[in-house]
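These are the residues of each chain, in order.
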Amino acid sequence: MWNAETARLYWIDIKQRRLHCYRPSGHFHDTWELPDQPGALALQPGGGLVLALAGASPASTSPPAKRRAGRTQNPIGPATG
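These notes cover the structure that comes with them. (Residues numbered from 1 in each chain as written. Predicted model: local features only at pLDDT ≥ 70, side-chain atom pairs only at ≥ 80, totals over all residues. Heavy atoms only, no water.)

1. Quick notes on the nonpolar core
Note the following rule: What makes a nonpolar core is a set of buried Ala, Val, Leu, Ile, Met, Phe, Trp, Tyr and Cys residues whose side-chain atoms join them at distances within 4.5 Å. Exposure classes here rest on a 1.4 Å probe applied to the protein chains alone. A residue is buried below 20% of its type maximum, exposed above 50%, and partly exposed in between. Strands here mean DSSP runs of E at least two residues long; helices mean DSSP runs of H or I at least four residues long; both are numbered from the N terminus.
In terms of nonpolar packing, the biggest core is built from 9 residues, these being Y10, L19, C21, W32, L34, L41, L49, L51 and L53. Contributing elements (two or more residues each) for this core: β3 (18–23) and β6 (49–53). If one sorts the elements of this core by residue count, β6 sits on top with 3 residues.

Given below as structure tokens:
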């Protein structure tokens, strides 16, 4: 899910129970380990995310505590043409 306001791409890995965030401007990839299997992700007006987790109410205004961050190589590769 692309957030145009923050220029970040979010996606969930259902089987590995992770939330990912990629910031193309600096090639940063953040990953959060989730306490349960995610089923849906939505952006909140004004910022923040809502995650629907199996066995839990769909409520979260901040990412879970276990976070891994790092700079990645451009996953798309250099522009051609």
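2. Digging into a nonpolar patch on the surface
Stated formally: Here the term patch refers to residues with relative accessible area over 30% and no salt bridge, with like charges joined within 9 Å and nonpolar side chains (Val, Leu, Ile, Met, Phe, Trp, Tyr) within 5 Å. Per-residue and other accessible areas follow the Shrake-Rupley method at a 1.4 Å probe size, with only the shown protein chains counted as cover for residues. Throughout this description, the term salt bridge denotes a Lys or Arg side-chain nitrogen within 4 Å of a carboxyl oxygen of Asp or Glu.
Taken together, the side chains of W2, L9 and W11 define a hydrophobic patch exposed on the protein surface, amounting to about 290 Å² of accessible area. When you line up the elements, L9 lands in strand β2 (residues 8–13). Under the relative-accessibility criterion, L9 is labelled partly exposed at 31%.

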